[in-house]
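Each chain, written out:
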Amino acid sequence: SSEPQQNSNPVSASITVSKAQLYERETFLLTLTIRTTGVQIRQKLDLTNLPDKRRVDLFTPFETLPTERTGDGHRITEIHRYRCRARALTAGTIRLAPNLKLIALRRRRMLIGSAWEETPVQVSIAPLHLAVKPLPTPPAGFSGASGSFAMSAAIDPADIVQGDLVTLTTRISGRGFTDGMQQPGIRAT
């Protein structure tokens with residue numbers, strides 16, 4: 001195991017979230033940062049020890065962000081970032097302390113030329129504690145969606161007289177949690 005703060009380790013990792021204060025069912029970004037010095041890594045991530053899916057839902061796969069490189073020609077440091085969308089499904093303190101397994105690749109000089117040496121590496125990531133607040137008491141008419149949404153509506157045909165049949169189309173777009181959302185109602189006037 002390597003600790004994320006030690007510079008002598010060729011591989012370290014940390015996790016961060018996009019919001020300091022989270023609410024139940026609120027969508028947030030989870031970022032995994034891997035720092036390598038003098039080695040390269042295979043891009044396949046193997047994260048274990050993630051919270052129960054009933055507490056934290058990672059609902060998009062990790063996307064690879066651009067790699068940053070620094071150093072001289074002999075000792076290169078790379079920072080790899082991976083990001084996914086997640087949401088905390090329950091209120092309370094949730095501990096995130098995943099373990100990361102990957103393959104480190106190091107070029108070794110041989111008598112003639114060089115070859116890549118593969119080494120399995122397991123990295124323990126420093127725990128991150130999410131303080132998740134419960135949703136406030138919903139206002140009257142709350143539909144059950146949590147997030148940032150826009151709603152638009154249109155009727156067809158637009159030129160009508162009393163008694164004509166029309167089609168009402170509503171569109172809801174945005175990001176958030178829509179499981180259990182009720183359809184918007186239409187009031188009779």
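Residues numbered from 1 in each chain as written. Predicted model: local features only at pLDDT ≥ 70, side-chain atom pairs only at ≥ 80, totals over all residues. Heavy atoms only, no water.

Turning to unusual backbone geometry, a few remarks are in order. A cis amide bond, omega 0 degrees, links Asp156 with the succeeding residue Pro157. With respect to the element layout, Pro157 can be found in the loop between β14 (146-156) and β15 (167-177). Located in the positive-phi region is Arg25, a residue other than glycine, with phi close to 70 degrees. Examined against the element boundaries, Arg25 turns out to sit in the loop between β2 (22-23) and β3 (27-37). Positive phi, close to 65 degrees, is recorded for Asn49, a residue that is not glycine. Its place among the elements puts Asn49 in the loop between β5 (46-48) and β6 (56-58). Judged by its relative accessible area of 48%, Asn49 is partly exposed. (Helix = DSSP H or I, 4+ residues; strand = E, 2+ residues; numbered from the N terminus. Buried < 20%, exposed > 50% of the residue type's maximum accessible area, 1.4 Å probe, protein only.)

Another aspect to go through is the side chain of Asn99. Counting through the fold element by element, Asn99 comes out in strand β11 (residues 99-109). For Asn99, a relative accessible area of 18% corresponds to the buried category. Among the polar contacts listed, one links the side chain of Asn99 to the side chain of Ser124, at a separation of 3.5 Å. Beyond its immediate chain neighbours, meaning those up to four positions away, Asn99 contacts Asp46, Leu47, Thr48, Asn49, Gln122, Val123 and Ser124. (Polar contact = N/O pair within 3.5 Å; in protein donor to acceptor, adjacent residues only side chain to side chain. Contact = heavy atoms within 4.5 Å.)

Judged by nonpolar contacts, the single largest core of 26 residues is most densely connected at Leu32, Ile34 and Leu100. When contributions to this core are tallied by element, the ones reaching two or more residues are β1 (11-17), β3, β9 (76-88), β10 (92-96), β11, β12 (114-124) and β13 (128-133). Other than its neighbours up to four places away in sequence, Ile34 contacts Val11, Ser12, Ala13, Ile41, Leu45, Glu78, Ile79, His80, Tyr82, Leu100 and Leu102. (Core = buried A, V, L, I, M, F, W, Y, C linked by side-chain atoms within 4.5 Å.)

Overall, the coordinates contain 0 aromatic pairs when judged by the stated rule. Above the ring of Phe59, the side-chain terminus of Arg87 is found at 4.3 Å from the ring centroid. (Phe/Tyr/Trp six-rings, centres within 6.5 Å; stacked < 30°, edge-to-face > 60°. Lys NZ or Arg CZ within 6 Å of the ring centre and 35° of its normal.)

Ordered by their spatial adjacency, 3 strands build an open sheet running β2-β13-β10, and the pairing between neighbours is mixed. Unpaired on one side and paired on the other, β2 and β10 mark the two borders of the sheet. Sheet analysis places β2 next to β13, joined by 2 bridges and oriented parallel. Pairing of Leu22 across the sheet is with Val132, part of β13. (Pairing = 2+ DSSP bridges.)

This part takes up a nonpolar patch on the surface. There is a patch of nonpolar side chains on the surface, built from Ile155, Ile160, Val166 and Leu168 and spanning about 300 Å² of accessible area. Mapping Val166 onto the fold places it in the loop between β14 and β15. (Patch = residues over 30% accessible without salt bridge, like charges linked within 9 Å, V, L, I, M, F, W, Y side chains within 5 Å. Areas by Shrake-Rupley, 256 points an atom, 1.4 Å probe, with all protein chains shown as cover. Salt bridge = Lys/Arg side-chain N within 4 Å of Asp/Glu carboxyl O.)

The topology assignment puts Arg171 in strand β15. Sequence separation between Arg171 and Ile125 is 46 residues; the distance between their C-alpha atoms is 41 Å.

Time to look at the pattern of salt bridges. Pairing of side chains with opposite charge becomes possible as their charged atoms draw close. Under the definition given, this model contains 6 salt bridges. Glu63 serves as the salt-bridge partner of Arg83, at 3.4 Å between the closest nitrogen and oxygen. Within this pair, whereas Arg83 is found in strand β9, its partner Glu63 is found in strand β7 (residues 63-64), the two being separated by 20 residues in sequence. Given the relative accessible area of 41%, Glu63 is considered partly exposed.

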